[in-house]
Amino acid sequence: MPGAHILLVEDDEELREVICRNLRARGHNVIEARDAQTALANLCATTFDLVLLDINLPDQTGWDVLRISTAEGWIHPMGLPGHPEMLPVVILSAVRVNPRRVAEFHPLAYLPKPFPMEALLRISAEMAERRSAHPESA
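Notes on the structure follow.

A look at unusual backbone geometry
Here is step 1 of the chain: The linkage connecting K113 with the following residue, P114, adopts the cis geometry, with an omega of -5°.
Here is step 2 of the chain: Note on placement: P114 falls in the loop between β5 (109-112) and α5 (117-133).
Here is step 3 of the chain: One non-glycine residue, H106, lies in positive phi territory at about 50°.
Here is step 4 of the chain: Position of H106 among the secondary structure elements: in the loop between α4 (99-105) and β5.
Here is step 5 of the chain: Given a relative accessible area of 32%, H106 falls into the partly exposed group.

Okay, here's the thing in structure tokens:
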């Protein structure tokens, strides 16, 4: 089974390298972004199966990335009817996330840092399975 196509948005270099190494070892294709502008450029240009999104970025917040990419139609919040092309987003954050923000954007998951790598790997494997089950959306 081919891996998922994942956008990893994380400014912490060490954490980004650890996540990438683990995901790539399991056959996932990972595109890295260190800031919001790079993330937005990738979301505009490429189709992903999953976005792993840090909230505290050097230029804007992860919430800004979600707000802009949703407004542009590059992603659709999970759980909203009528959007078969919904892009799953996993929020990664070292700070406590406001529940209203989570409710606003409907991410697939919220993983507070430090998070168990197994949780991230499980979600990525599920997205790879989803891709295999629906190749027309890949």
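Additional details are given in the paragraphs that follow.
Some details on the packing of aromatic side chains
Here is step 1 of the chain: Counting across every chain of the model gives one aromatic pair.
Here is step 2 of the chain: With a centroid separation of 5.5 Å and 15° between ring planes, the pair formed by W63 and F105 is classed as stacked. With W63 in helix α3 (residues 62-71) and F105 in helix α4, this pair connects stretches of sequence that are 42 residues apart.

Side note on the pattern of salt bridges
Here is step 1 of the chain: Summed over the entire model, instances satisfying the criterion amount to eight salt bridges.
Here is step 2 of the chain: The partner of D54 in a salt bridge is K113, with the nearest N and O atoms 3.2 Å apart. You can see D54 sitting in strand β3 (residues 50-54) and its partner K113 sitting in the loop between β5 and α5, a full 59 residues away along the chain.
Here is step 3 of the chain: The buried category is assigned to D54, whose relative accessible area is 2%.
Here is step 4 of the chain: By relative accessible area, which is 22% here, K113 ends up partly exposed.
Here is step 5 of the chain: For E104, the salt bridge identified is with R101, shortest N-O distance 3.6 Å. Of this pair, E104 and R101 both sit in helix α4, three residues apart, which is roughly one turn of the helix.
Here is step 6 of the chain: Residue R101 is classed as partly exposed on the basis of its relative accessible area of 30%.
Here is step 7 of the chain: Overlapping salt bridges bring together D64, R67, R101 and E104 as one network.

Here is what the cut-offs are and how they apply
Residues numbered from 1 in each chain as written. Predicted model: local features only at pLDDT ≥ 70, side-chain atom pairs only at ≥ 80, totals over all residues. Heavy atoms only, no water. Helix = DSSP H or I, 4+ residues; strand = E, 2+ residues; numbered from the N terminus. Buried < 20%, exposed > 50% of the residue type's maximum accessible area, 1.4 Å probe, protein only. Phe/Tyr/Trp six-rings, centres within 6.5 Å; stacked < 30°, edge-to-face > 60°. Salt bridge = Lys/Arg side-chain N within 4 Å of Asp/Glu carboxyl O.

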